[in-house]
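Each chain, written out:
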Amino acid sequence: MKKSFHRSDRVSAQLRRDLGTLVHATMREHALPSVSVSDVEVTRDLAHAKVFFTALDPARAKEALKGLQEHAREIRFQLAHAMKLRHVPELHFQYDDSVDRGERIEHLLRDLPPAGDDDSAES
């Protein structure tokens, strides 16, 4: 059985690798909160890319998003030099809160009493 890999999937993977480096450098250069690119979704026509990122300090996620949006043109320009694409997709940054939600769920589960401590089981 042969798997089909769409060009948009390959471009998405390459964008994730290259954007990881470029975004990190841009954030450092402009003294913005440190972030990492967690995923990239590209439209079939390769015109737009939704870039998901996580922030090391979730409290500063809004500041990071604002900084990424302000420097999106600069990042896209650098990306054009790094990748061999005729047209580099327009970048749309979005905060990925899945890590925050996972940590919150883990914290809630840790705070639950052990299953054997149920007082209603004695009745």
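These lines cover the structure that appears in this document, whether it is placed above or below. Residue indices follow the written sequence of each chain, beginning from 1 at its first position. Only residues with pLDDT of 70 or above have their local features reported here, since the model is predicted, and side-chain atom pairs are shown and tallied only from 80 upward, although totals for entire chains, interfaces and linings are computed over all residues. Only hydrogens and water are removed before side-chain values are computed, so all heavy atoms of the structure are retained for them.

Topic: the pattern of salt bridges
Here is step 1 of the chain: The salt bridge definition used is simple: a Lys or Arg side-chain nitrogen within 4 Å of an Asp or Glu carboxyl oxygen. With the rule as written, the count across this model stands at 4 salt bridges.
Here is step 2 of the chain: Ionic pairing is found between aspartate 39 and arginine 16, a salt bridge with its closest N-O pair at 3.0 Å. Here aspartate 39, found in strand 1 (residues 35-42), pairs with arginine 16, found in helix 1 (residues 7-29); they are 23 residues apart in sequence, far enough to count as distant.
Here is step 3 of the chain: Judged by relative accessible area, arginine 16 falls into the partly exposed class, the value being 32%. The way it works is that DSSP assigns letters per residue, a run of H or I at least four long becomes a helix, a run of E at least two long becomes a strand, and they are numbered from the N terminus. In this scheme, a residue with accessible area under 20% of its type's maximum is buried, one over 50% is exposed, and one in between is partly exposed, where area comes from a 1.4 Å probe on protein chains only.

Overview of a nonpolar patch on the surface
Here is step 1 of the chain: A cluster of nonpolar side chains, namely Ile105, Leu109 and Leu112, defines an oily patch on the protein surface of about 310 Å² accessible area.
Here is step 2 of the chain: Positionally, leucine 112 belongs in the segment after helix 4 (98-111). Residues with no salt bridge and a relative accessible area higher than 30% make up the patches, which join like charges within 9 Å and nonpolar side chains (Val, Leu, Ile, Met, Phe, Trp, Tyr) within 5 Å. The Shrake-Rupley method, run with a 1.4 Å probe, gives the accessible areas here. Residue values count only the displayed protein chains as cover.

Observations concerning the packing of aromatic side chains
Here is step 1 of the chain: Stacked, edge-to-face and tilted labels apply to pairs of Phe, Tyr and Trp rings (six-membered ring for Trp) whose centres lie within 6.5 Å, assigned for plane angles under 30 degrees, over 60, and everything in between, in that order. Using the criterion set out here, one finds 1 aromatic pair in the structure.
Here is step 2 of the chain: Between phenylalanine 53 and tyrosine 95, the ring centres sit 5.5 Å apart and the planes meet at 65°, which makes this aromatic pair edge-to-face. Highlighted residues: phenylalanine 53 in strand 2 (residues 48-55) and tyrosine 95 in strand 3 (residues 90-95), separated in sequence by 42 residues. Grouping residues by exposure puts phenylalanine 53 and tyrosine 95 together as buried.

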